[in-house]
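# Coordinate inspection notes
For reference, the chains in residue letters:
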Amino acid sequence: MLIMMFVLFGALLLLLGSGVWVAFSLLGLGWLGLSQFTSVPVGAVMASNIWGSSYSWELTALPMFIWMGEILFRSRLADDMFTGLAPWMQRIPGRLLHTNVVGCGLFAAVSGSSAATCATMGKMTIPELTGRGYDERLVIGTLAGSATLGLLIPPSIILIVFGVATDQSIARLFMAGIFPGLLLISLFALYLMVWSWRYPDRVPPAESGLPLSEKLRRARRLIPMLALIIGVIGSIYTGIASPTEAAAVGVVLSLVLARVQGNMGFSVFRDALMGAVRTSTMIAFILAGASFLTAAMGFTGLPSDLAAWIGGMNLSPWMLLVALTLFFIVLGCFLDGISVVVLTTSIMLPMVEAANIDLIWFGIYLVIVVEMSQITPPVGFNLFVLQGMTGRNILYIAWAAMPFFFLMMLGVVLITLFPGIVTWLPEAMNN
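No experiment lies behind these values; they were computed from the predicted model shown.

## Describing the overall build of the chain
Across its full length, the chain carries 22 helices and zero strands. Compactness check: the chain gives a C-alpha radius of gyration of 22 Å against a globular reference of 22 Å for 431 residues, within 12% of the reference. In terms of its C-alpha atoms, the chain occupies a principal-axis envelope of roughly 75 × 50 × 50 Å. Across the 431 residues of the chain, 55% fall into the buried class. Contacts in the chain between residues far apart in sequence, at least 24 positions, make up 81% of those at least 6 positions apart. Surface exposure of the chain reaches about 18200 Å², of which carbon and sulfur atoms provide 68%. Side chains of the chain carry 19 positive and 19 negative charges; the gap between the two charge centres is 14 Å.

## Some details on unusual backbone geometry
Most peptide bonds are trans, and most residues other than glycine sit at a negative phi. Of note in the backbone geometry, Asp 167 takes a positive phi value of approximately 60° without being a glycine. Structurally, Asp 167 can be placed in the loop between helix 9 (157-166) and helix 10 (170-176). Residue classification places Asp 167 among the exposed positions, given a relative accessible area of 70%. Of note in the backbone geometry, Asn 356 takes a positive phi value of approximately 60° without being a glycine. Along the chain, Asn 356 falls in the loop between helix 18 (337-354) and helix 19 (359-373).

## Details of the pattern of salt bridges
Tallied over the full model, the rule gives two salt bridges. For Glu 136, the salt bridge is made with Arg 392, and the minimal N-O distance between the two is 2.7 Å. With Glu 136 in helix 8 (residues 136-147) and Arg 392 in the loop between helix 20 (381-390) and helix 21 (394-417), this residue pair connects regions lying 256 residues apart in the sequence. With a closest N to O distance of 3.4 Å, Arg 270 and Asp 271 form a salt bridge.

Conventions adopted
Residues numbered from 1 in each chain as written. Predicted model: local features only at pLDDT ≥ 70, side-chain atom pairs only at ≥ 80, totals over all residues. Heavy atoms only, no water. Helix = DSSP H or I, 4+ residues; strand = E, 2+ residues; numbered from the N terminus. Rg over C-alpha atoms; globule rule 2.2 N^0.38 Å. Buried < 20%, exposed > 50% of the residue type's maximum accessible area, 1.4 Å probe, protein only. Contact = heavy atoms within 4.5 Å. Areas by Shrake-Rupley, 256 points an atom, 1.4 Å probe, with all protein chains shown as cover. Lys, Arg positive; Asp, Glu negative; His and termini not counted. Charge placed at Lys NZ, Arg CZ, Asp CG, Glu CD. Salt bridge = Lys/Arg side-chain N within 4 Å of Asp/Glu carboxyl O.

Read these as geometric descriptors, not functional statements.
So this is what it looks like as C-alpha cells:
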C-alpha cells in the first residue's frame, strides 16, 4: 500500500505542479492506478464512469444556479443592496463595514459562488467605503472573508458537488448550511464591533441620520433580493420544488429581476449564458475525472486500506478532525474548493464513516474549511479577485483577510463542539 500511495501522490504533485488541468490530472492519476496496480481494463472503466457521472439529475441544478449567479452579477443588485442597507448600519459599531458582511450574506443566498459574491460586492463597496475614509485593509479583509459565504449559504454550488459525490440529500445539505452561515456572519459582525471599539479613530464618524421614512424608502430596494431568496430557498423548504427545480425557478426570477431593472439586453443575456456554460463545463469535467479516479481507487483498494490504517491508529474523532483540518487547509493552498472536494471524497469517506461522523455534518465542516482556503495564498480565488480590483499585492490582501481565516477556524470549533448547529434544522424538517 505504501508504494502505491507514494507513487500516486508523487504523480499527483507532478501533474498539478506542472500546470496540468485538474480534470486531466484526475484522469491521469486514475489511469496510472488502474494500469499499474490492477488488471482491470482501463478503457471500459473510464468510459462507463465518465458517462455515469454526466447524467445525474441532481447535477442539473449546478449549471442553473451558476447561470442565476451570472445574471445577478451583471445586474444592479449590489448597488441596490448597498443603498438599502447603508442607512441601517450607521449606528452600529463598525458602521458601513457591516454592509460587506450582510451584503455578502444576502448575495450568497442567491449566488452560490464565492468568487461571484466577492466580485459583485467588491465593485460596489470598495470604492464606496474607501472613499468615505474607512480603513482599506479592513474593507478588503471583510470582503475577502464574507464573500466565502457563497460556498456555504444555500444555494451552494460546492454543496451540490458534495451531495452528488457522496450520494447525500442536497436539500438536507442546503438546510444544514443555514445556521453555520448565520454563525459566521455573527462572528464577522462581532469582530467588526470589537475592532471599532478598540480603534475608534480609524472609523469615520456617523453620517447625518435619515428620517425613518427615508430609510424605509431606500430599504424597498432590498425587496427584489428578498423575493428571489424566498422564491428559491422557500420553494425547497416548503416542498414545492426540488433543488433542481428551484434552480430553474431562480433563473426565471433572476431574468425577470434583471429585465425589470433594465439590465437584460441581448449582450447581457449572451454573456451570462456563456459564462455559465464555461464554468459549468469546467466543473462537470472535474467531476468526470473525479468519478473515474474514485472508481480506480476502489479497484486498487487504497481508500479502504488507508481507512483501516488510520483506524488502526485508534485516533479519536476529535484527533481525526484535527488531522483532516490541517490536511484540507494545506491542500486548499494549491487547489480550488471544488477540486479539493472531488479529489478527497473517495479517500476520506471510508474513514469518516468508520469514525461515525454524520456525513451531512461533515459536508458543512468540509465547506467551511474549504472557505478558509479561498483566502490563503498561493491559490486563494478571492485573493485573486480582490487583487484585480485593488491592484494591491497578494500578500497584503492575504494579511488583511487573516483575522477572518481565524474566525472561520473558530466556526469549525463551534460546530464541532455543538454539532446541532448543523444537524438540527435538517432533522427538524424531516420530522
